[in-house]
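Coordinate analysis (summary)
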Amino acid sequence: MRFEVFRALRNVKYLLFLVVTPVGLYLIYGRTSDSALAMAAMTVYAAAAGGLIGSGGGVAEDRMRGWLRQLKVTPLADRHWLAGKIVQGVLMIVPGVAGVTVAAVTAGHVHLSAGRWAALLGLLLLGSLPFALLGLSLGLTLKGKSAQIGIVVVFFALAALGGLIGSGTMPYALEQIRHYLPTYNLAQAGFAIVGGHGPSATGLAVLGAWALVAGAAALALWRRESHAR
């Protein structure tokens, strides 16, 4: 876990994408509307991007360079590898979330109680789990440089459909679909906490379902990768 986390934090390219983009979007657009809600949206943006790209991008590179082949001849158990990648993906959200929070407090003058800050941080850490697992699945499915491009495309699709970027107005069919997306439900939970309310049980259930399905897929794909070697 320690190896994966420090390796990810040394990747300046990822850190710039995961920190500069959400902070910049907040500073450009967030202060023109409700600063607290905009902060919640951009912290969810950072959590989704950190989970997806932080975990999936590294796996894609490992497959391309043959590092996974080397891991398979070590005593490393499947569950330990999966746990390490999950921790890496979750911790990769911290720089972006921290950057947006600092910008919101200093430039957007957002003030929440200590309880709301703690609840929002806990939500983001747990809510990033389905994205980290989905990133792992994508990294183990796609190959080469196309994997990194594919992960970024999936992220922006989820961000747009989930209402994190864009106008937020959707055709009826897409409006119905967005209620089942992890980005939408994590954002709604964040809005609820910022507003002083608890997240809905339905939204948390959707996030849990995404985590279970993506986790099972990641483990199955990892084992398939092992047999292929």
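Our structure is the block above this text.
Summary of the structure given here. Everything numeric in this text was worked out from a predicted model, so none of it was measured.

When you go through the protein chain residue by residue, the secondary structure sums to 12 helices and zero strands. Secondary structure elements of the protein chain, listed N to C terminal, follow the sequence α-α-α-α-α-α-α-α-α-α-α-α. Compactness check: the protein chain gives a C-alpha radius of gyration of 17 Å against a globular reference of 17 Å for 229 residues, within 12% of the reference. With the C-alpha coordinates aligned to their principal axes, the bounding extent of the protein chain is approximately 55 × 40 × 30 Å. Taking all 229 residues of the protein chain together, the buried fraction comes to 48%.

For the rest of this paragraph, the subject is the pattern of salt bridges. If you walk through the whole model with that rule in mind, you get one salt bridge. Measuring nitrogen to oxygen at the nearest pair gives 3.0 Å for the salt bridge that ties R178 to E175. One end of the pair, R178, and the other, E175, are both in helix 10 (residues 172–178), three residues apart, so they sit about a helical turn from each other.

Side chains three or four residues apart in an α-helix point the same way, a direct result of the helix having 3.6 residues per turn. Between its first and last C-alpha atoms helix 11 (residues 182–194) spans 18 Å; for 13 residues at 1.5 Å apiece the expected length is 18 Å, and the two agree. Of all 13 residues that make up helix 11, 11 are buried, and the element is covered over most of its length. Those residues of helix 11 that sit buried are P182, T183, Y184, N185, L186, A187, A189, G190, A192, I193 and V194. Note on helix 11: the residue one or two positions beyond its end, G196, has a positive phi of about 90°.

Moving on to the packing of helix 3 (residues 35–65) against helix 6 (residues 93–106). The description of two helices packed together rests on the angle between their axes and the distance between the axes. At a minimum axis separation of 8 Å, helix 3 and helix 6 run at an interaxial angle of 165°. Considering their axes alone, helix 3 and helix 6 lie roughly antiparallel with respect to each other. Here the hand of the crossing between helix 3 and helix 6 comes out right-handed. Of the residues in helix 6, those touching helix 3 at M39, M42, T43, A46, A47, G50 and G51 are I93, G96, V97, V100, T101 and A104. In terms of residue class, the contact of helix 3 with helix 6 is built from eight nonpolar, five polar and no charged.

What counts, and at which threshold
- Residues numbered from 1 in each chain as written.
- Predicted model: local features only at pLDDT ≥ 70, side-chain atom pairs only at ≥ 80, totals over all residues.
- Heavy atoms only, no water.
- Helix = DSSP H or I, 4+ residues; strand = E, 2+ residues; numbered from the N terminus.
- Rg over C-alpha atoms; globule rule 2.2 N^0.38 Å.
- Buried < 20%, exposed > 50% of the residue type's maximum accessible area, 1.4 Å probe, protein only.
- Salt bridge = Lys/Arg side-chain N within 4 Å of Asp/Glu carboxyl O.
- Expected span 1.5 Å × (residues − 1).
- Axes fitted to C-alpha atoms, helices over the stretch in contact; angles between N-to-C directions.
- Parallel < 35°, antiparallel > 145°, perpendicular 65-115°, else oblique.
- Left-handed = near helix turned anticlockwise from the far one by under 90°.
- Contact = heavy atoms within 4.5 Å.
- Nonpolar A, V, L, I, M, F, W, Y, C, P; charged D, E, K, R; others polar.

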